[in-house]
Amino acid sequence: MTSARSITRSAPSTVKAASITSSLLTVQTEGRGFTDLTGEAAKFIAEAGAATGALTLFIRHTSASLTIQENADPSVLVDLSTALARLAPENAPWTHVTEGPDDMPAHIKTMLTQTSLNVPVLNGKLALGTWQAIYLIEHRKQPHRREVVLQFIGGNQ
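Residues numbered from 1 in each chain as written. Predicted model: local features only at pLDDT ≥ 70, side-chain atom pairs only at ≥ 80, totals over all residues. Heavy atoms only, no water.

1. Topic: the sheet that holds strand 2 (residues 33–36)
In a beta sheet, neighbouring strands pair by backbone hydrogen bonds and run either parallel or antiparallel. Ordered in space as 2-7-4, the three strands form an open sheet in which the pairing is antiparallel. Each edge of the open sheet is held by one strand with a lone partner, namely strand 2 and strand 4 (64–70). Averaged over neighbouring strand pairs, the angle between their axes works out to 35° when direction is ignored. Direction of pairing for strand 2 relative to strand 7 (residues 132–138): antiparallel, over a ladder of four bridges. Pairing of F34 across the sheet is with I137, part of strand 7. (Pairing = 2+ DSSP bridges. Helix = DSSP H or I, 4+ residues; strand = E, 2+ residues; numbered from the N terminus. Axes fitted to C-alpha atoms, helices over the stretch in contact; angles between N-to-C directions.)

Structure follows, in structure tokens:
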């Protein structure tokens, strides 16, 4: 076990959850790949007049998912796609093939990633790290219309 050289923590702050604000974000994907939702999430937080609280994002599908990943080097997203393809290849002998050979692998990739994210909101801004972005991951080959529920719970400005 290693010990941390320095750990600091800000003083706790308390906010009454004065509001719950929700919106439905519709995203038309171009097929398999990553769509950056960070700007839309930030716009929603601004329109909600959010100060401090939490943003929840929930995707209403079983063959697409959400993740927070690096936004600086696009090769990260390429490597993540490659890793997911290796974990759930289309050419495996899947039983569920009703919607095509990419459907069951898409369900598995969704199970391995996330359908819901929670991002803290501090001082009216998403508390993401410098190199973090919120992505919708489309796991199917064909374009799809995806719905993401955005919900802020917290205090307003």
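So much for the structure itself; the text now carries on.
2. A short note on a nonpolar patch on the surface
Among the surface-exposed residues, L87, M111 and L112 lie close enough to one another that they form a single nonpolar patch of about 350 Å² accessible area. Along the chain, the position of L112 falls in helix 3 (residues 103–112). (Patch = residues over 30% accessible without salt bridge, like charges linked within 9 Å, V, L, I, M, F, W, Y side chains within 5 Å. Areas by Shrake-Rupley, 256 points an atom, 1.4 Å probe, with all protein chains shown as cover. Salt bridge = Lys/Arg side-chain N within 4 Å of Asp/Glu carboxyl O.)

3. Side note on the nonpolar core
L55, L57 and V148 are the most contacted members of the largest nonpolar core, which has 21 residues in total. Looking at this core, the element that brings in the most residues is strand 3 (residues 50–59), giving four residues. Ignoring any residue separated from it by four or fewer positions in sequence, one finds L55 in contact with A41, F44, I45, L117, N118, V119, V121, L126, L150, Q151 and F152. Formed by five residues, the second largest nonpolar core is a distinct cluster that contains L77, A133, Y135 and I137. (Core = buried A, V, L, I, M, F, W, Y, C linked by side-chain atoms within 4.5 Å. Buried < 20%, exposed > 50% of the residue type's maximum accessible area, 1.4 Å probe, protein only. Contact = heavy atoms within 4.5 Å.)

4. Observations concerning the packing of aromatic side chains
If you walk through the whole model with that rule in mind, you get one aromatic pair. Taken together, a centroid distance of 5.7 Å and an interplanar angle of 90° make the contact between F34 and Y135 edge-to-face. Note that F34 is positioned in strand 2 and Y135 in strand 7, a separation of 101 residues in sequence. (Phe/Tyr/Trp six-rings, centres within 6.5 Å; stacked < 30°, edge-to-face > 60°.)

5. Looking at the pairing of strand 8 (residues 145–156)
Sheet topology places strand 1 (residues 19–28) next to strand 8; ten bridges connect them, and they run antiparallel. Residue pairing in the sheet places T26 in a bridge with E147 of strand 8. Summarising the sheet, strand 3 and strand 8 pair through nine bridges and their orientation is antiparallel. Considered in strand 8, the bridge of A54 is made with I153.

6. Some thoughts on the pattern of salt bridges
Going through the model one piece at a time under the given rule, you end up with eight salt bridges. Between E99 and R140 there is a salt bridge whose closest N-O contact spans 3.7 Å. Of the two residues, E99 is situated in the loop between helix 2 (75–87) and helix 3 and R140 in the loop between strand 7 and strand 8; the sequence distance between them amounts to 41 residues. Note that R140 and D103 form a salt bridge whose closest N and O atoms lie 3.1 Å from each other. Here D103 lies in helix 3 and R140 lies in the loop between strand 7 and strand 8, a separation of 37 residues in the sequence. Accessibility classification places R140 together with D103 in one group, the buried group.

7. Topic: the sheet that holds strand 3
Strand order in this open sheet of five strands is 1-8-3-5-6, and the pairing throughout is antiparallel. Strand pairing shows two members of the sheet lacking a second neighbour, strand 1 and strand 6 (125–126), which therefore form its edges. With six bridges connecting them, strand 3 and strand 5 (residues 116–122) associate as antiparallel partners. Within the sheet, the bridge partner assigned to A54 lies in strand 5 and is P120.

Any functional reading would require information that these geometric values do not contain.
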